[in-house]
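Read off the chains here:
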Amino acid sequence: MSSQDRLIWFKGALMPAAEAEVPVLSPTAQFGLNVFEGLRGYWNSARQDVFLFRMDDHLARLAASCRLIGIQSPYTTDQIAKAMREVLQANTYREDIAVRVTLFVDGEGTWSSIEPVDMFVAPIAKPRRDTAKTSGVRACISTWERIDDRNIPPRIKAGANYINGRYAHLEAQAAGYDLPILLDRSGKVSEGAGSCLMMVRDGVLVTPPVTASILESITRDTLLQLAAAMDFPIKTRVIDRTELYLASEVFLCGSAAEITPVTSVDRYTIGSGKIGPLTQRLLERYLAVASGQEDVGEAAWCAPVWQV
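Residues numbered from 1 in each chain as written. Predicted model: local features only at pLDDT ≥ 70, side-chain atom pairs only at ≥ 80, totals over all residues. Heavy atoms only, no water.

Okay, the overall build of the chain next. In terms of helices and strands, the chain carries seven helices and 16 strands. Rg of the C-alpha trace for the chain: 19 Å, near the compact-globule value of 19 Å for 308 residues, within the 12% margin. Taking all 308 residues of the chain together, the buried fraction comes to 51%. Across the chain, every contact between residues at least 6 apart in sequence was considered, and the portion connecting residues at least 24 apart equals 71%. About 14,100 Å² of surface is accessible on the chain, with carbon and sulfur atoms providing 51% of the total. Charged side chains in the chain number 32 positive and 36 negative. The centres of these two groups are separated by 4 Å. (Helix = DSSP H or I, 4+ residues; strand = E, 2+ residues; numbered from the N terminus. Rg over C-alpha atoms; globule rule 2.2 N^0.38 Å. Buried < 20%, exposed > 50% of the residue type's maximum accessible area, 1.4 Å probe, protein only. Contact = heavy atoms within 4.5 Å. Areas by Shrake-Rupley, 256 points an atom, 1.4 Å probe, with all protein chains shown as cover. Lys, Arg positive; Asp, Glu negative; His and termini not counted. Charge placed at Lys NZ, Arg CZ, Asp CG, Glu CD.)

Here you go:
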């Protein structure tokens, strides 16, 4: 099934993605007035099911984004979960997937409109990262500053917020890098363009706090819990730019990024210039847990699509 032929859930009905339309003068089209969640679902061949990873946590964050941006969802979390399963089953997905759930301001209005609000749920096949073939990316420190809670709150997962990352991403590519890393207003390390950052320095896994202009990442929280279960030392604190140059490992993480090793920053080689040992172990563990292959005592982390 092509990406355009696949079915999506749009305003309460299943339809081909190519037929789902919003008005050109809608606030979501004009101003990016929407909030969303990007979930991953992983196929488990032994259990013959697709598992949506930390679905409840994603839907809770979606509700928080609605509250902060000033819109009200016409759908309950149970209705959204039902819509996700309905569209995944309609597409007969039995493979790794990504799902975008977006609540948007429809109709014709302005950037200050609060209604009408509706939703789409759009899945697409997306294979997981190959743990045996994962290579690193070259990152740079962006000249663009990460958005701040005093202007555009980064803990709201809104479409418009991601333009900040777009500027940084285009700058990085123009300079010959793969990805950017942004600093916050105080000049400390914040996150990547759409992904959180972690580093290993002096044998400790370090990540910026949630007050460092980062999204309150579900993947970040997952990895901190997994690393703690592996008895690896963890510290949440501010990070200086030059610490990244001295780190033995650096990686970005998120639902879309999964775990993306960073092998150089501003052309400083990180560690051996290859994926680091903790990064490799966390990647393997993360994918095993997210696909329901390993139990970490968090049954609610893996929501089945077919065997409900």
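As a further point, take the pattern of salt bridges. For the structure shown, the criterion picks out 16 salt bridges. Asp221 is the partner of Arg54 in a salt bridge, and the nearest nitrogen-oxygen pair spans 2.8 Å. Of the two residues, Arg54 sits in the loop between strand 4 (49-53) and helix 2 (55-69) while Asp221 sits in helix 5 (residues 218-229), which places them 167 residues apart along the sequence. A relative accessible area of 6% means that Arg54 is categorised as buried. Judged by relative accessible area, Asp221 falls into the partly exposed class, the value being 28%. Here the residues in one salt-bridge network are Arg54, Asp57 and Asp221, joined through shared partners. (Salt bridge = Lys/Arg side-chain N within 4 Å of Asp/Glu carboxyl O.)

The next subject is the packing of helix 5 against helix 7 (residues 277-290). Relative to each other, helix 5 and helix 7 sit at 110°, their axes nearing to 10 Å. With respect to helix 7, the element helix 5 is oriented roughly perpendicular. Taken together, the residues of helix 7 that come into contact with helix 5 (itself represented by Thr219, Thr222, Leu223, Leu226 and Ala227) are Leu282, Arg285, Tyr286 and Val289. A per-class count over the contact of helix 5 with helix 7 returns six nonpolar, two polar and one charged. (Axes fitted to C-alpha atoms, helices over the stretch in contact; angles between N-to-C directions. Parallel < 35°, antiparallel > 145°, perpendicular 65-115°, else oblique. Nonpolar A, V, L, I, M, F, W, Y, C, P; charged D, E, K, R; others polar.)

In space, the seven strands of this open sheet follow the order 2-1-6-5-3-4-16, with antiparallel pairing throughout. Edge positions in the open sheet fall to strand 2 (13-16) and strand 16 (302-304), since each of these has one partner strand only. For this sheet, the mean angle separating the axes of adjacent strands, direction not counted, is 30°. In this structure, strand 1 (residues 7-10) lies alongside strand 6 (residues 117-125), joined through two bridges in antiparallel fashion. Looking at strand 6, one finds that Phe10 is bridged to Phe120. Strand contacts of helix 3 (residues 77-90): strand 1, strand 2, strand 3 (34-44), strand 4, strand 5 (97-105), strand 6 and strand 16, with the helix running at about 40° to strand 6, the strand carrying the most contacts. (Pairing = 2+ DSSP bridges.)

With that out of the way, let us pick up unusual backbone geometry. The amide bond that connects Glu115 to the next residue, Pro116, takes the cis arrangement and shows omega of 0°. Mapped onto the elements, Pro116 comes out in the loop between strand 5 and strand 6. Even without being glycine, Glu258 reaches a positive phi, approximately 55°. Along the chain, the position of Glu258 falls in strand 14 (residues 258-265). On the basis of relative accessible area, Glu258 is assigned to the buried category, the value being 3%. Backbone geometry at Asp266 places phi at a positive 55°, although glycine is not the residue there. Mapped onto the elements of the fold, Asp266 is located in the loop between strand 14 and strand 15 (268-269). For Asp266, a relative accessible area of 17% translates into the label buried.

Considering all chains together, one arrives at eight aromatic pairs under this definition. Here Phe36 and Tyr162 contribute two aromatic rings whose centre-to-centre distance is 5.3 Å and whose plane-to-plane angle is 55°, an arrangement assigned as tilted. Of the two residues, Phe36 is situated in strand 3 and Tyr162 in helix 4 (residues 162-174); the sequence distance between them amounts to 126 residues. Phe36 sits in the buried class, given a relative accessible area of 7%. Its relative accessible area of 31% is what places Tyr162 among the partly exposed residues. Here Phe53 and Tyr286 contribute two aromatic rings whose centre-to-centre distance is 5.6 Å and whose plane-to-plane angle is 90°, an arrangement assigned as edge-to-face. Residue Phe53 is located in strand 4, and its partner Tyr286 is located in helix 7; the two are separated by 233 residues in the primary sequence. For the residue pair Phe53 and Tyr286, the accessibility class agrees, reading buried in each case. A cation over a ring is seen here: Arg94 above Trp306, with NZ or CZ 4.3 Å from the ring centre. (Phe/Tyr/Trp six-rings, centres within 6.5 Å; stacked < 30°, edge-to-face > 60°. Lys NZ or Arg CZ within 6 Å of the ring centre and 35° of its normal.)

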